[in-house]
Amino acid sequence: MPNATLDSGKKPDAFVLTPEKLRRQRIAKFFGEGFLLVVASFVAIVVLFIFYFVAVDAIPFFQQRGFTEFFTSTSWYPADEPGEFGALAIIYGSGMVTIGSALIAVPLGISAAICLSDVLPFSVRQYAKPVIEMLAAIPSVAYGFFALVIFAPLLQNYGGPILMWAWWLIAGPFVLLAVIVVADLITSGDGGGSERKTIRWTVTGVLGILALVFLFWVGNALNAIQILSGTNALNVSLILSFMALPTIVSVSEDSLQAVGRELREGSYALGATRAETIVKTVLPAASSGILAAVILGIMRAIGETMVVWMASGNSSHIPDPWYNYLDSIRTLTATIAGDMGEADQVTGSARYHVLFAMGLLLLVFSFICNLVSERIVVRQRKILAGE
Amino acid sequence: MQEVLKKNPTEKRILAPRESRKTIGNITVPKPRMVCRNVNVHYGDKQAIRNVSIDIGRNEVLAMIGPSGCGKSTFLRCLNRMNDTIDSCHVTGEILFDGRNIYDASVDVVPLRAQIGMVFQKPNPFPKSIYENIAWAPRIHGIVESKSDADEIVETSLQKAGLWEEVKERLDQPGTSLSGGQQQRLCIARAIAVSPEVILMDEPCSALDPIATAKIEDLIEELRTQYTIAIVTHSMQQASRVSQRTAFFHLGDLIEVGTTETIFTKPSHQLTEDYITGRYG
Amino acid sequence: MNKSNKQAGAGSSGTSRRERTIDIVNKRLEKRYRKEKRFRLYGMLSIIASVLFLAFLLTSIVSNGYSAFWQTYIKLDVQLDPDMIDKEDPGRSNYQGIIKQAIGAYYPEVKDRKERRELYSLFSSGAAFQLRDEVLKNPAVVGTTLSLWVLADDDVDMLMKGHIKRNVPENERRLNDKQLQWIAKLEAGKRIEERFNTTFFTAGDSREPELAGIWGAVKGSFYTMLVTLALSFPIGIAAAVYLEEFAPKNLATDFIEVNINNLAAVPSIVFGLLGLAVFLNFFGMPRSTPLVGGIVLMLMTLPTIIIASRAALKAVPPSIREAAFGVGSSKLQVVTSHVLPLALPGMLTGTIIGMAQALGETAPLLMIGMVAFIVDIPGGFTDPAAVMPVQIYLWADSPERAFVERTSAAIMVLLAFLISMNALAVVMRKRFERRW
């Protein structure tokens, strides 16, 4: 073994810790990191805390009144003596507007996200993105005011024509597309030639006329509809969809961007058009992220309070027929916000606790949605990283 | 390399076979600065450095060469305990500096790194002014107390790094506003400012153009008189230009150590010869 | 079609195969390009729909609200008879009576009791207070005839702004024909005009629209935001620093991360329930105060700040940390001297965005009691207060037409705050964005 004695110039033991210094360092590290750990844990514990306190105040309701009435009855008369607490209609109302807003926001949001990430040139994207972000920045009470004071009267006075216009704008292009596709399918075969072309045009023409007749017929039927009250499920669903839109767009867009250039370039290199690349390659790869985005949008819609409180009509009943969006409904969030003022006077009664039961329902549903979307996102990240 | 070999063709030397992983050559030096014995490094389950022992001499430049992934950077980072910052990295063995094993539990790594400095592959000046880049470390170690002390250290360090003339008019500009070569010299000046004994350099010129590289190589030669330098390099030409001793690593083993001239003209191990003649790399 | 054509025409078999493939490709090309155009159209449609909706929303609010910034005033010649004013305590005198006298003096023809009442209702009930303030400010006016511009009642204001139409039948208006005549007299005498509505910005809430202002709500929002910021910024930064720089990769850290994520998923109304059950009922904190509101909102903004701060910390490249370690800094020094300063702009941006979200929240604050009608301007953190979104909600419930325009104006003010905060965040992000 070689001689390990060294001679340095200065301070030979400068970097050696005395036990004292070591202890002081360990203490400083313990307290410093310990403090940060406590703060971080506090944030984490708050969630459990919230869950606990809501549950603690929700359970007495189920102890007093059981589960059946809450989930199966539509008689909601909390102020009566004794009160009736059938929340089925209210749960149905929440579900109705959530699904309604999802039906509008999901296709709109996904196509907007695709547009932003793949279709639009950069210069236009600079302006389009802030517009979507602005929709997110508008406070819910402003949306509620708009829904109540401006949109509701509009629906009430011009309901029929609005529905008709919406029908034309949305269904029109789809129907015409269907016509062209069907015409192609019918007349498809090998080869071109002007003969075949004439046949194709005739078929398209006939189908087109049929389609236009269909569009007019439905349009006129819609035009004749009288909306009795502007504060209804349709109003709320529409406004909610624009509130959920930014969430869906931004998370979907992140997901599409995460797919990366290589996959797209591979598709283009094979001669695919942009639409084909997006629909057949990019979308499937980003599908789980987009699903997560949709779930987050749904979470946003179901948790919204102000808009539904101001513009849903707050009528606790299941519409007749069940799909009638032109009827007033009531949601869980609006019930909690609306009834708590009275219920708080009688703390300890079923009336007070039932609102916490509703809160618990909302909380549990949101947690489930969150966990599911987290799982999906993590899984997609792993898949993409592994590729 | 080829010419050198042609001048001294492989005479009747018996080269150690490729399979042998034992270190060939004299690992010791008289009055070494740092002594490494039986150093093993694991990243999780993977072993990156296998039982390496070597001395680093006083005021010498030791070059560590070898193909990519052979562990030379990993070994260099052991010398100032930079591997501590990687969670999965586990180092065993002895590395003695001033008579103490730097991996001893009683060693404070903070002042240690003031004595064993490091220059990285990609120049990484702090996003602060040139002045602050140099003055920051002496200040936190307590080496400077007043502004005049700091001024002095800044000037001395920049002069030693051969950068003073170029930047003395703009010390308040950000370090990142310099060119690549200047940034690297700034990093060298920053390392010098805390008066280290040893300077570790991890491929310092790989991100620089040839002119900047030449300036830094001249600088290394000047610095040798005051400091001990261990340099990892990808370029055999660079190793032969700047170093006195060379260590050849291969897949985590130290294959051969010797004077630079010997290694490049009369290597004793088949792997060494294969590497320097460019048979693989 | 004859396939035999293709087979026969080719020379070597390779060429014929190639021709066939390229033929097939070309045939479908047209259809594919058409699909492409339609696809692009759909994407554009959704963006256009969003733009149109946003434009519709904003224009309708602005068009409803801009008129609120003007207010109708009526010029009255008030005779300040010294007998009517108590010299000892001028503040307590019967200013209402003095105003009525002044009104009566201008319309000597109105004698009937009912008609007199209708006449007085054209003037705001706050006119008396205006007069009192003038006298208190300048006692020397006692004994003179003061020309004072007093606030008109909100119905008169609505008439002047055209929301009440003169040409509809009398029973469909809020102002009857006689009242219209009296107003016409004022117009002829140039005693009625629109002025900038400073009351809107300086007054608190009121039952009378012409006396209602947002100052109370603005102050309430200010105090609440202060509490939220003071609590959420340090906690959020500390948690983010811990998770990014110090946390070991173990189950405990995963647990913390998952739960911070869950915190972001809690619906806003549930935070309100928490505030009610825990802070108000359990701890007995005062209702409807910025203190409680701030604490509840703090819980809501924490996830935003933590996520943005973590991203900012992650963006600092490891080479900076290595350089700092290399010259011998301790972990603490690396984080505080090097990493934090570089991550700070990103953290601030996230905080501003979080604050903007909190400023617009309504539901949880309703639950902690901010539904009350609060007239006084809050002076501190434990005074009952309203915040701007709550004020908007309360006004939206009121039936008077004048409140509709005020609600819209209040939304405009709130939006102005929010837009400027978001714009500030965007500017900061652009300015401090570094290309590593």
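Reading the values: the criteria
Residues numbered from 1 in each chain as written. Chains lettered and ligands numbered in written order. Predicted model: local features only at pLDDT ≥ 70, side-chain atom pairs only at ≥ 80, totals over all residues. Heavy atoms only, no water. Helix = DSSP H or I, 4+ residues; strand = E, 2+ residues; numbered from the N terminus. Rg over C-alpha atoms; globule rule 2.2 N^0.38 Å. Buried < 20%, exposed > 50% of the residue type's maximum accessible area, 1.4 Å probe, protein only. Contact = heavy atoms within 4.5 Å. Patch = residues over 30% accessible without salt bridge, like charges linked within 9 Å, V, L, I, M, F, W, Y side chains within 5 Å. Areas by Shrake-Rupley, 256 points an atom, 1.4 Å probe, with all protein chains shown as cover. Salt bridge = Lys/Arg side-chain N within 4 Å of Asp/Glu carboxyl O. Lys, Arg positive; Asp, Glu negative; His and termini not counted. Charge placed at Lys NZ, Arg CZ, Asp CG, Glu CD. Pairing = 2+ DSSP bridges. Buried area = accessible area lost by both parts, 1.4 Å probe. Polar contact = N/O pair within 3.5 Å; in protein donor to acceptor, adjacent residues only side chain to side chain. Domains from an automatic or database assignment. Axes fitted to C-alpha atoms, helices over the stretch in contact; angles between N-to-C directions. Parallel < 35°, antiparallel > 145°, perpendicular 65-115°, else oblique. Left-handed = near helix turned anticlockwise from the far one by under 90°. Nonpolar A, V, L, I, M, F, W, Y, C, P; charged D, E, K, R; others polar. Expected span 1.5 Å × (residues − 1). Core = buried A, V, L, I, M, F, W, Y, C linked by side-chain atoms within 4.5 Å. Phe/Tyr/Trp six-rings, centres within 6.5 Å; stacked < 30°, edge-to-face > 60°. Lys NZ or Arg CZ within 6 Å of the ring centre and 35° of its normal.

J.: An account of the overall build of chain C is requested, with residue identities and associated values reported.
T.: Helix and strand content of chain C: 17 helices and three strands. A compact globule built from 436 residues should have a C-alpha radius of gyration of about 22 Å, whereas chain C, at 33 Å, is more than 25% larger. Considering only C-alpha atoms, chain C reaches an extent of 115 × 75 × 40 Å along its principal axes. When burial is assessed residue by residue, chain C has 51% of its 436 residues classed as buried. For chain C, restricting intrachain contacts to residue pairs at least 6 apart in sequence, the fraction spanning at least 24 positions comes to 76%.

J.: Any details on a positive patch on the surface? Residues and values, ideally.
T.: Taken together, K111, R113, R116 and R117 of chain C make up a surface patch of like positive charges. Tracing the backbone shows R116 of chain C in helix α4 (residues 113–120).

J.: So what about the pattern of salt bridges? Which residues, and what values?
T.: All names here are of chain B. Per the stated rule, a full pass over the model turns up 34 salt bridges over all chains. A salt bridge links D253 to R21; the nearest nitrogen and oxygen atoms lie 2.9 Å apart. With a gap of 232 residues between them, D253 in strand β10 (residues 253–259) and R21 in the loop between α1 (2–7) and β1 (32–43) connect regions that are remote in the sequence. Of the residues examined, D253 reaches a relative accessible area of 7% and is grouped as buried. Among the salt bridges present, the one from D55 reaches R37, with a minimum N-O distance of 3.0 Å. Of the two residues, D55 sits in strand β2 (residues 46–57) while R37 sits in strand β1, which places them 18 residues apart along the sequence. The pair D55 / R37 is uniform in exposure class, with both members buried.

J.: Which residues make up the sheet that holds β1 of chain B, and what values go with them?
T.: All names here are of chain B. Read across the sheet, four strands follow the order β2-β1-β4-β5 without closing on themselves; strand pairing throughout is antiparallel. Here the strands that pair on one side only, and so sit at the sheet edges, are β2 and β5 (100–101). Note: strand β4 (residues 89–97) against β5, two bridges, orientation antiparallel. In the strand pairing of β5, L96 is matched with N101.

J.: Describe the interface of chain C and chain A, listing the residues and the values that go with them.
T.: Contacts between chain C and chain A engage 75 residues on the former and 84 residues on the latter. Counting each side, the surface lost to burial between chain C and chain A is near 7,000 Å², with a carbon and sulfur contribution of 78%. Inspection of the region where chain C meets chain A yields seven residue pairs in polar contact (both at pLDDT 80 or more).

J.: Explain the domain arrangement of chain C to me, using residue names and the numbers behind them.
T.: Residue and element names in this part refer to chain C. Per the domain assignment, the segments making up chain C are domain 1 (69–197) and domain 2 (215–432). A straight line from the C-alpha centre of domain 1 to that of domain 2 covers 46 Å. Here domain 1 and domain 2 share an interface that buries about 600 Å² over both sides, 57% of which is from carbon and sulfur atoms. Along the contact surface separating domain 1 from domain 2 lie one salt bridge. Across the salt bridge formed by E405 and K161, the nearest N and O atoms sit 2.7 Å from each other. If you look at where domain 1 meets domain 2, you find three residue pairs in polar contact (both at pLDDT 80 or more).

J.: Describe the packing of α4 of chain C against helix α7 (residues 177–188) of chain C, with residues and values.
T.: Residues and elements named next belong to chain C. In the contact formed by α4 and α7, the axes pass within 10 Å of each other and the chain directions differ by 55°. Between α4 and α7, the crossing angle belongs to the class labelled oblique. Relative to α7, α4 is oriented so that their crossing is right-handed. Contacts from E115, E118 and L119 of α4 reach α7 at K178, Q179 and W182. Here the contact of α4 with α7 is built from residues that sort into two nonpolar, one polar and three charged.

J.: Mind laying out helix α3 (residues 95–106) of chain C, listing which residues take part and the relevant values?
T.: The first and last C-alpha atoms of α3 of chain C sit 17 Å apart over twelve residues, in line with the 16 Å expected at 1.5 Å per residue. Taken together, the buried positions of α3 of chain C are occupied by Y95, G97, I98, I99, A102 and I103 of chain C.

J.: I'd like a rundown of the sheet that holds strand β1 (residues 70–79) of chain C, residues and numbers included.
T.: Residue and element names in this part refer to chain C. Strand order in the open sheet formed by three strands is β2-β1-β3, and the pairing between neighbours is antiparallel. Either end of the sheet is taken by a strand with one partner, and the two such strands are β2 (145–151) and β3 (192–196). The average angle at which neighbouring strand axes cross in this sheet is 40°, direction not considered. In terms of strand pairing, β1 meets β3 through five bridges, oriented antiparallel. Along β3, the bridge assignment pairs W70 with F196.

J.: I'd like a rundown of the side chain of S53 of chain B, residues and numbers included.
T.: All names here are of chain B. On the secondary structure map, S53 appears in strand β2. Here S53 falls in the buried class, since its relative accessible area comes to 12%. A polar contact of 2.9 Å, which involves the side chain of S53, links it to the backbone nitrogen of N38. For S53, the contacting residues outside a window of four places in its chain are I27, C36, R37, N38 and L254.

J.: Can you break down the nonpolar core residue by residue, with the values?
T.: Grouped together as the largest cluster of nonpolar side chains are 215 residues, with contacts concentrated most on I50, Y143, M340 and M358 of chain A together with F75 and L79 of chain B. Sort the elements by how many residues they give to this core and helix α1 (residues 19–65) of chain A lands first, with 14 residues. Of all hydrophobic cores here, the second largest spans 46 residues; its members include A212, I220, Y227 and F264 of chain B.

J.: Give a description of the packing of helix α16 (residues 388–396) of chain C against helix α17 (residues 401–432) of chain C that names residues and reports values.
T.: Geometrically, a packed helix pair is captured by the angle between its two axes and the distance between the axes. Residue and element names in this part refer to chain C. Where α16 meets α17, the axes come as close as 9 Å, and the angle between the chain directions of the two elements is 160°. Considering the angle they form, α16 stands roughly antiparallel to α17. In this structure, α16 meets α17 at a crossing whose hand is left-handed. In this structure, α16 contributes M388, P389, I392, W395 and A396 to the contact, and α17 contributes F403, R406, T407, A410, I411, V413, L414 and F417. Classifying every residue of the contact of α16 with α17 gives eleven nonpolar, one polar and one charged.

J.: I'd like a rundown of the pairing of β1 of chain B, residues and numbers included.
T.: Here is the key point about a regular strand: its side chains alternate between the two faces of the sheet. All names here are of chain B. Here β1 lies mainly inside the structure; nine of its twelve residues are buried. Bridge count between β1 and β2: eight bridges; the pairing is antiparallel. Of the residues in β2, the one forming a bridge with V35 is D55. Hairpin connection from β1 to β2: two residues lie between these consecutive antiparallel strands, with G44 at a positive phi of about 65°. Sheet topology places β1 next to β4; eight bridges connect them, and they run antiparallel. Looking at the pairing, M34 lines up with F97 of β4.

J.: Explain the packing of aromatic side chains residue by residue, including any values.
T.: In total, this model carries 35 aromatic pairs over all chains according to the counting rule given. Where F62 of chain A meets F67 of chain A, the ring centres are 4.4 Å apart and the plane angle is 10°; that geometry is what we call stacked. Plain terms: the ring middles of F200 of chain C and W395 of chain C are 6.4 Å apart, the flat faces sit at 40° to each other, and that makes the pair tilted. Here W395 of chain C lies in helix α16 and F200 of chain C lies in helix α8 (residues 198–202), a separation of 195 residues in the sequence. For F200 of chain C, a relative accessible area of 0% corresponds to the buried category. Aromatic rings pair up to connect F61, F62, F67, F70, F71, W76 and F85 of chain A into one cluster. The residue whose ring lies beneath R190 of chain B is F126 of chain B, and the NZ or CZ to ring-centre distance is 4.4 Å.

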